[in-house]
Amino acid sequence: MQRKRYAPGRTGSTARTAVALALGLGLGAGLTACSAGTPADDIAVDAKAGQAAAPVAPPGRYRTLFEPCGAVAQATLKDLLPGAAALPDAEREKAYRGVAAVTYDTDRRVGCTWKADTPDTSHRLSLDIERVVSYDAAVSDDDRAQEVYVRKQLAVGIPVPPTAPPSPTAPPSPTGTPTGTPSAAGKPAAGATTTAPSGKPSTGAPSTGPTATSTGLEPRVLDGLGDVAYVDDVLSTVGANGHQRAVSVVFRTSNVIVTVSYQEQTTGSAEAPDSAELQEKARNLARQLADRLEE
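Everything quoted here is computed from the prediction, not taken from an experiment. (Residues numbered from 1 in each chain as written. Predicted model: local features only at pLDDT ≥ 70, side-chain atom pairs only at ≥ 80, totals over all residues. Heavy atoms only, no water.)

Further remarks concern the pattern of salt bridges. Scanning the entire structure with this criterion turns up 10 salt bridges. One salt bridge in this structure joins Arg 109 and Glu 130, with 3.9 Å as the shortest N-O distance. On the criterion of sequence distance, the pair formed by Arg 109 in strand β2 (residues 109-117) and Glu 130 in strand β3 (residues 121-131) is long-range, its members being 21 residues apart. For Arg 109, a relative accessible area of 33% gives the class partly exposed. (Salt bridge = Lys/Arg side-chain N within 4 Å of Asp/Glu carboxyl O. Helix = DSSP H or I, 4+ residues; strand = E, 2+ residues; numbered from the N terminus. Buried < 20%, exposed > 50% of the residue type's maximum accessible area, 1.4 Å probe, protein only.)

This is the structure we're talking about:
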């Protein structure tokens, strides 16, 4: 019998080697094609991860509030409530103890009220202390508290002092500017009439200090108390011959707003309560509370 001639490359091991090489080359080409098509997605993810986060406004200085009924010294209460001295011991102690305001969160708002009556006069003192919190990450607690304070001030008819904007540096006015047209600095030229938005002639910025005809005791902005402060003073009649004077001192320190309300009411033919005396007492107490906030 004639034997078959040996043909190189057709044995089993050699064939398996050729198949393995072919598969390896095909797999490498496929991986190269896939890796060439993916950078777009990767770049998009990296771009999002690199975006800067929006700045967050700083929190307020205060996170809690002090207990108001115990914040006023007994010596101060004796001065503010002169009628309590004539009360029996138990009633006098109760008058000095005060009555706490009902609030749902004592870290956000607290208050206290004291009162003492006599046959001719009655006195009432109250405190309201509010901690303002901004829920807008772009607005700080202090800025939100300032908004609340300004609304209170405007509600009692005290104007907010204007803030002078920085003076812009303007180029020199060209020669021959026509009369009655604005100059380069934005101001009316000589001879032009300026009117306020209401149509009345402008009288300049409103003054917050005493005028020539004022007594210096009218509602006004106060200096040297907290960050900002004002005092309000209202006199009204009660009954046929009675009078009531209500003085309020409101100030803001950081994100806390404090309101001190002091009232005196007279009956019969008694004279109206003295404005200077009540304002001085209310302001003294407000200064004590401002010092307490600084502790």
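Direction of pairing for strand β4 (residues 220-222) relative to strand β5 (residues 228-238): antiparallel, over a ladder of three bridges. Bridged to Arg 220 within β5 is Val 231. Between β4 and β5, which follow one another and run antiparallel, lie five residues, and Gly 224 among them has a positive phi close to 75°. In this sheet, strand β6 (residues 242-253) lies alongside β5 in antiparallel orientation, the contact comprising 11 bridges. Counted as the bridge partner of Ser 236 is Gln 244 from β6. In this antiparallel pair of consecutive strands, β5 and β6, the connection spans three residues, and Gly 239 shows a positive phi of 70°. (Pairing = 2+ DSSP bridges.)

Pairing within the open sheet is antiparallel, and its seven strands lie in the order β1-β2-β3-β7-β6-β5-β4. Edge positions in the open sheet fall to β1 (99-100) and β4, since each of these has one partner strand only. Two strands pair when backbone bridges link them, and β3 and strand β7 (residues 256-266) are joined in this way by 11 bridges, in the antiparallel orientation. Of the residues in β7, the one forming a bridge with Glu 130 is Ile 257. Together, β1 and β2 form the strand contacts of helix α4 (residues 89-97), whose direction differs from that of β2 by roughly 145°. Across the sheet, helix α6 (residues 275-294) touches β3, β4, β5, β6 and β7, and the angle it forms with β6 is around 25°. (Contact = heavy atoms within 4.5 Å. Axes fitted to C-alpha atoms, helices over the stretch in contact; angles between N-to-C directions.)

This part covers the nonpolar core. By size, the foremost hydrophobic cluster in this structure holds 38 residues, and its most contacted members are Phe 251, Val 260 and Leu 289. If you list the elements that add at least two residues to this core, you get α3 (74-80), α4, β2, β3, β5, β6, β7 and α6. Looking at this core element by element, the count peaks at seven residues for α6. Formed by eight residues, the second largest nonpolar core is a distinct cluster that contains Val 132, Ala 145, Val 250 and Ile 257. (Core = buried A, V, L, I, M, F, W, Y, C linked by side-chain atoms within 4.5 Å.)

Looking now at the packing of aromatic side chains. Within this structure, the stated rule accounts for one aromatic pair. The ring of Phe 66 has Arg 292 lying over it, and the distance from NZ or CZ to the ring centre is 4.8 Å. (Phe/Tyr/Trp six-rings, centres within 6.5 Å; stacked < 30°, edge-to-face > 60°. Lys NZ or Arg CZ within 6 Å of the ring centre and 35° of its normal.)

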